[in-house]
Amino acid sequence: MPIESLSFGEEHRITVHMKREDLIDTHISGNKYWKLYHNINEYLKSDPKSPLIITFGGAYSNHIAAVAALGKLLSLPTLGIIRGEELSDARITSPTLLRAASQGMDLVFTSRDRYRFKEELEAYYTSEFPHALVVPEGGTNSSAVKGIANMLDVRTTQYDVLCVPVGTGGTLAGITRYKQSYQKAIGMSVVKDLTLKQRIYTLANSSDFNLVDASQGRYGKVSDALIAYCNSFYDAFKIPLDPVYTGKMMFHLQEMIGAGYFAPGTKVLVFHTGGLQGISGINQTLRIKKKNLLNFEDKIEGFGL
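All figures in this text were calculated on a predicted structure; none of them were measured in a lab.

A. Region of interest: unusual backbone geometry. Of note, the phi angle at D47 is positive, near 50 degrees, even though the residue is not glycine. You can see D47 is positioned in the loop between α1 (31–45) and β3 (53–57). A relative accessible area of 63% places D47 in the exposed class.

B. Region of the structure containing the pairing of strand β8 (residues 184–189). Counting buried positions along β8 gives five out of six residues, so the element sits mostly inside the fold. Relative to β8, strand β7 (residues 161–166) runs parallel, the two sharing six bridges. Following the sheet pairing, V161 is matched in β8 by K184. With helix α8 (residues 170–178) bridging β7 and the parallel β8, this β-α-β connection has right-handed handedness. In this sheet, strand β9 (residues 209–213) lies alongside β8 in parallel orientation, the contact comprising five bridges.

C. Examining the sheet that holds strand β1 (residues 3–6) more closely. Spatially, the six strands line up as an open sheet ordered β1-β2-β10-β7-β8-β9, and their pairing is mixed. Only two strands of the sheet have a single partner each, and these edge strands are β1 and β9. Strand-to-strand twist in this sheet, taken as the mean axis angle between neighbours without regard to direction, amounts to 25 degrees. Direction of pairing for β1 relative to strand β2 (residues 15–20): antiparallel, over a ladder of four bridges. Pairing of I3 across the sheet is with K19, part of β2.

D. Focus on the sheet that holds β3. The sheet built from four strands is open, its strands ordered β5-β4-β3-β6 with parallel pairing. In this open sheet, the two edge strands, each paired with only one partner strand, are β5 (106–110) and β6 (133–134). Seen against the sheet, helix α6 (residues 118–128) touches β3, β4 (78–83), β5 and β6 and runs at an angle of roughly 160 degrees to β3.

E. Spatial organisation of the packing of α1 against helix α2 (residues 62–74). One way to put it is that α1 packs onto α2 with a least axis distance of 11 Å and a crossing angle of 45 degrees. Classified by the angle between their axes, α1 and α2 sit oblique to one another. Handedness of the crossing formed by α1 with α2: right-handed. Of α2, the residues touching α1 (which contributes K32, L36, I40 and L44) are N62, H63, A66, V67, L70 and L74. The residue makeup of the contact of α1 with α2, split by class, is seven nonpolar, two polar and one charged.

Calculation criteria
- Residues numbered from 1 in each chain as written.
- Predicted model: local features only at pLDDT ≥ 70, side-chain atom pairs only at ≥ 80, totals over all residues.
- Heavy atoms only, no water.
- Helix = DSSP H or I, 4+ residues; strand = E, 2+ residues; numbered from the N terminus.
- Buried < 20%, exposed > 50% of the residue type's maximum accessible area, 1.4 Å probe, protein only.
- Pairing = 2+ DSSP bridges.
- Right-handed = clockwise from strand over helix to strand, strands pointing away.
- Axes fitted to C-alpha atoms, helices over the stretch in contact; angles between N-to-C directions.
- Contact = heavy atoms within 4.5 Å.
- Parallel < 35°, antiparallel > 145°, perpendicular 65-115°, else oblique.
- Left-handed = near helix turned anticlockwise from the far one by under 90°.
- Nonpolar A, V, L, I, M, F, W, Y, C, P; charged D, E, K, R; others polar.

This is the structure we're talking about:
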C-alpha cells in the first residue's frame, strides 16, 4: 500500500507519513483485511463440512461490514451477532447492517447484558455451530495478530514510531510483535477498556508499546471539533478519515506533536486502518442532530446501497 507524506509536524522537525491500508480493498478494508486473512485461510484449509463464519459487533461495526463482504466474495454464509436487542429495527436505518444483509449476512440481535459476557457468547455459538469459524468482536485473536505482520515491510523499517488506532487491540499487538526492536509502537485507544493493555500484552507477548487515551470520553463519541478536524484534514490531504478510529488517532497525534511529545528528528508512520464504510452512518446521525457533516462522503466510492 502507498505511503504518503503529511505536511504537519515540520515546525517541530517531526516527519509524519501515512500508510494507506484503507486502499487494500473497498469493502474488506485496512486492518480488517489482515485480521481476517489467516483466520479465513486456516479455516478453509480445514475443509469444513458446513462452512459458516460467525462474528460479533455493533450496528455500525467495520468488522461486521468486512465479514459480510468477505462472505459474499467467497460465497460463504455469514452470521452477525449484533449488540442490542433494541436495535432489531436498526437493519432498516443502519447503512452498515443494510449493506451486510444485502451481501447475505444473517443478523441476530442479542441483549446488551448478554453481549457483555463475550467469552460465554462465543462459547455458545461455537457449541451450537461446531463446523463454523467463530471470530471474536473486532476480529482480534492470535491469527489476526499474525496477519497484521503484513502491514509491515522494508519501507516501514525506516521509521522511529509506528502509530495505529486501537479498538480491541489486535492491530497494536501485531505491530508490537513484528516491528523492529528499535521502533516505538504507539496505540491511540478509542475505547475506555481497563482490560485492553493486558490483552495487547498477551497477544503481542511483549510490553514494548505505549497506549494513549484518544477516546475523547467514550467509544464512538464524535464531537464538533473532531468533525471539523476530519474535514480540514481531507481539504489539506484529500485523505478521508473516519472519526471513530483514524480521525481520533490523527487528532491526538497532532496534539502530541504540538506538545513536544516527540524528539526533534523523529520519523512517525501512521497506519490508515480503513473504517470508511461507517461514514454514511455517522452523517446519518449528524443530520438527525442537525450537526455539521463530514463533507467528503460523496468522495468515497463503493458504499452505496
